[in-house]
Amino acid sequence: MRLRNTGFLLACLVTRDFKIRYRNMSLGVFWSLLNPLVLMLVLTFVFTKIFPPPGVENFHVVVLSGLIVFSFFSLAWQSGTMSIYGNATLIKRVPMPRELLPVATVLANGLHFLIQIGLLLALALWAGYRVNPFWLLLPAIFGLEVIFVCGLALITSALDVYFRDIRYVVESSTTVLFWLVPIFYSFAMIPPDYRELYQFNPVAAVVLACRAIILESRMPPATLLWKLPLVSLCFLAGGYLLFRRLKRNFADYL
Amino acid sequence: MPRVRFHHVTKVYRRQSRQFFWRFLVETLGGRRADPIYALRDVCFEVGAGQALAVIGRNGAGKSTLLSLVAGLTTPESGSVEVDGRVLALLELGSGFHPDLTGAENLRVNAALCGLTRRETEERFDEIVEFAELADFIHEPLRTYSQGMILRLAFSVAIHADADILLLDEMIAVGDADFQRKSFRRIREMKQQGRTLLCVSHVPEILKELCEEAIWLDSGRIVLRGPAEEVIDAYVTGAPLLEGSP
């Protein structure tokens with residue numbers, strides 16, 4: 001529609017979302033660090049003192065790597081889903097490319113994700129892990145997760161306009177997924193019969209890839225490296241096409 | 001070459017009393033469509049560059065639907081809407097404003113929503129602030145602003161975004177008398193530069209002053225079209241409608 005300023009508009013929407021989240025909080029952006037740190041400490045306490053797992057070193061780094069990947073996924077997907085309904089006045093009053101709203105919301109969450117990745121890498125180095133050449137793959141792996149969530153958010157935000165139940169479906173799905181993504185257990189603990197299933201979950205794939213790189217200094221498995229881009233790009237393309245079909249009537253249904 | 005052209009435009013809304021999913025089931029399985037509500041019926045008109053068209057009518061006559069169609073916010077059921085140029089809708093000023101952001105931050109978001117690029121926004125920043133008379137407060141959060149200050153900021157951004165077609169919905173009377181005079185002068189200047197205006201208002205004097213033509217909508221149909229003065233007077237005095245007039 002209006003390509004000449006789409007980039008500027010997207011940047012404005014992302015910074016708006018990013019700024020209003022912690023504006024007026026005394027600790028500001030530190031909440032992005034505090035939330036995963038507190039959860040990390042609790043999970044580490046429970047799973048090293050109460051249910052000790054069989055010989056996992058630096059359990060807190062293992063947990064944190066799962067936590068930040070999952071919390072970005074769940075927060076970005078949930079707020080992305082609400083982004084069209086939540087900006088109803090913009091949809092009804094302002095001619096703008098509507099795709100930008102869910103994408104901007106996901107990217108604003110991506111900025112918090114970036115801060116948390118910094119925290120994870122710092123804790124990993126502190127725990128004695130070393131920088132290795134595979135770290136160069138990390139931006140691509142995290143980037144693919146962002147793309148995957150953008151695709152999901154395009155789908156669910158558009159459907160949410162017509163079926164307001166979608167947001168609760170998303171909320172329940174993320175609660176269920178918390179247990180089905182290897183956050184506080186390792187891939188090795190999953191019985192072999194179920195491992196195939198985990199391979200199809202992009203969030204689990206991101207957790208496994210980033211653990212292979214940071215904690216084990218090795219290349220993530222090759223199958224994972226082609227499945228993840230394939231699934232992420234398919235979701236983005238599918239989400240974009242569905243959104244384009246559904247956006248025509250947004251203004252009439254909000 | 002008209003800037004805005006409506007050709008036999010009809011816009012239908014359907015009753016939304018039932019939830020979408022159940023309505024969808026009833027309609028596809030039962031083969032029964034919900035009763036249509038005609039927001040616009042067979043509307044034709046044209047507005048050229050440098051012209052201003054007033055749209056009048058009672059509440060619910062279809063005025064806002066007409067502006068939404070021009071802005072491309074919604075699509076017609078049948079007929080065609082042709083728009084040549086960039087549209088700026090002042091339908092609801094400050095739609096993208098957030099109370100916790102400062103005036104300056106909101107200004108940038110709104111400028112982007114109005115179609116300005118980053119460079120244009122920075123170039124016009126001071127001019128926009130000056131026109132809005134907010135130089136002392138521009139770095140304060142918007143929640144500390146008065147209603148008048150918020151509207152002045154939104155209005156100022158909008159008129160500094162150079163759109164070809166401006167849609168004004170009840171938003172011409174913003175701010176105090178001085179600010180209104182200034183805004184008026186600015187809108188008239190924009191008209192002289194060849195911008196097209198579509199105005200909706202319940203204040204006859206404003207419409208007569210800005211527009212040379214007017215259409216009177218009633219229940220989605222155009223009941224009278226012609227020189228602004230005549231149509232508006234007829235509407236205000238409540239002249240009896242002729243059945244089947246254009």
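Predicted model, so just to flag it, every value in this text is computed and none were measured.

The subject of this paragraph is the overall build of chain A. The number of helices and strands found in chain A is 11 helices and 0 strands. A compact globule built from 254 residues would reach a C-alpha radius of gyration of about 18 Å, and chain A, at 19 Å, matches this within 12%. Each of the 254 residues in chain A was classed as buried or not, and the buried ones make up 38%. Contacts spanning at least 24 positions in sequence make up 80% of the contacts within chain A whose residues lie at least 6 apart.

Right, let's talk about the nonpolar core for a bit. L167, C199 and A214 of chain B are the most contacted members of the largest nonpolar core, which totals 134 residues. Here this core takes 15 residues from helix α6 (residues 138-162) of chain A, the largest share from any one element. When residues of this core are assigned to domains, at least three map to each of domain 1 (1-85 + 164-246) and domain 2 (98-161) of chain B.

Residue and element names in this part refer to chain B. Domain annotation for chain B reports domain 1 (1-85 + 164-246) and domain 2 (98-161). The partner domain 2 presents 5 residues to the 6 residues of domain 1 that form the contact. Here the side of domain 1 that touches domain 2 is built from residues that sort into 3 nonpolar, 2 polar and 1 charged.

On to the interface of chain A and chain B, then. Chain A puts 23 residues into the contact, and the matching count from chain B is 27 residues. Contributing elements (two or more residues each) for the side of chain A that touches chain B: α1 (6-22), α4 (88-93) and α11 (250-253) of chain A. If one sorts the elements of the side of chain A that touches chain B by residue count, α1 of chain A sits on top with 6 residues.

Turning our attention to the sheet that holds strand β2 (residues 36-47) of chain B. Within a beta sheet, neighbouring strands are joined by backbone hydrogen bonds and run either parallel or antiparallel to one another. All names here are of chain B. The 3 strands lie next to each other as β2-β1-β4, forming an open sheet whose pairing is antiparallel. In this open sheet, the two edge strands, each paired with only one partner strand, are β2 and β4 (78-83). If you compare each strand with its neighbour and ignore which way they point, the axes differ by 30° on average. Bridge analysis of strand β1 (residues 4-14) against β2 gives 8 bridges, and the strand direction is antiparallel. What sits directly across from Y13, in β2, is I37. Across the sheet, helix α2 (residues 63-71) lies against β1, β2 and β4, angled at about 120° from β1, the strand it touches most.

Moving on: the pairing of β1 of chain B. Each regular strand carries side chains that alternate between the two faces of the sheet. Of the pairings in the sheet, the one linking β1 of chain B to β4 of chain B comprises 5 bridges and is antiparallel in character. Following the sheet pairing, V4 of chain B is matched in β4 of chain B by V83 of chain B.

Bringing the sheet that holds strand β8 (residues 213-218) of chain B into the picture now. All names here are of chain B. If you walk across this open sheet you meet the 6 strands as β5-β6-β7-β3-β8-β9, and the pairing is mixed. Taken across any chain shown, the strands that pair with only one partner, and hence form the sheet edges, are β5 (87-90) and β9 (221-227). Adjacent strand axes in the sheet meet at a mean angle of 15° when their direction is disregarded. Here 4 bridges tie strand β3 (residues 52-57) to strand β7 (residues 196-200), and the two strands are oriented parallel to one another. The residue bridging V55 from the neighbouring strand is V200, located in β7. Running at roughly 155° to strand β6 (residues 165-169), α2 makes contact with β3, β5, β6, β7 and β8 of the sheet.

Thresholds, definitions, all that
- Residues numbered from 1 in each chain as written.
- Chains lettered and ligands numbered in written order.
- Predicted model: local features only at pLDDT ≥ 70, side-chain atom pairs only at ≥ 80, totals over all residues.
- Helix = DSSP H or I, 4+ residues; strand = E, 2+ residues; numbered from the N terminus.
- Rg over C-alpha atoms; globule rule 2.2 N^0.38 Å.
- Buried ≥ 20, exposed ≤ 12 C-beta atoms within 10 Å, placed from the backbone.
- Contact = placed C-beta atoms within 7 Å.
- Core = buried A, V, L, I, M, F, W, Y, C linked by C-beta atoms within 7 Å.
- Domains from an automatic or database assignment.
- Nonpolar A, V, L, I, M, F, W, Y, C, P; charged D, E, K, R; others polar.
- Pairing = 2+ DSSP bridges.
- Axes fitted to C-alpha atoms, helices over the stretch in contact; angles between N-to-C directions.

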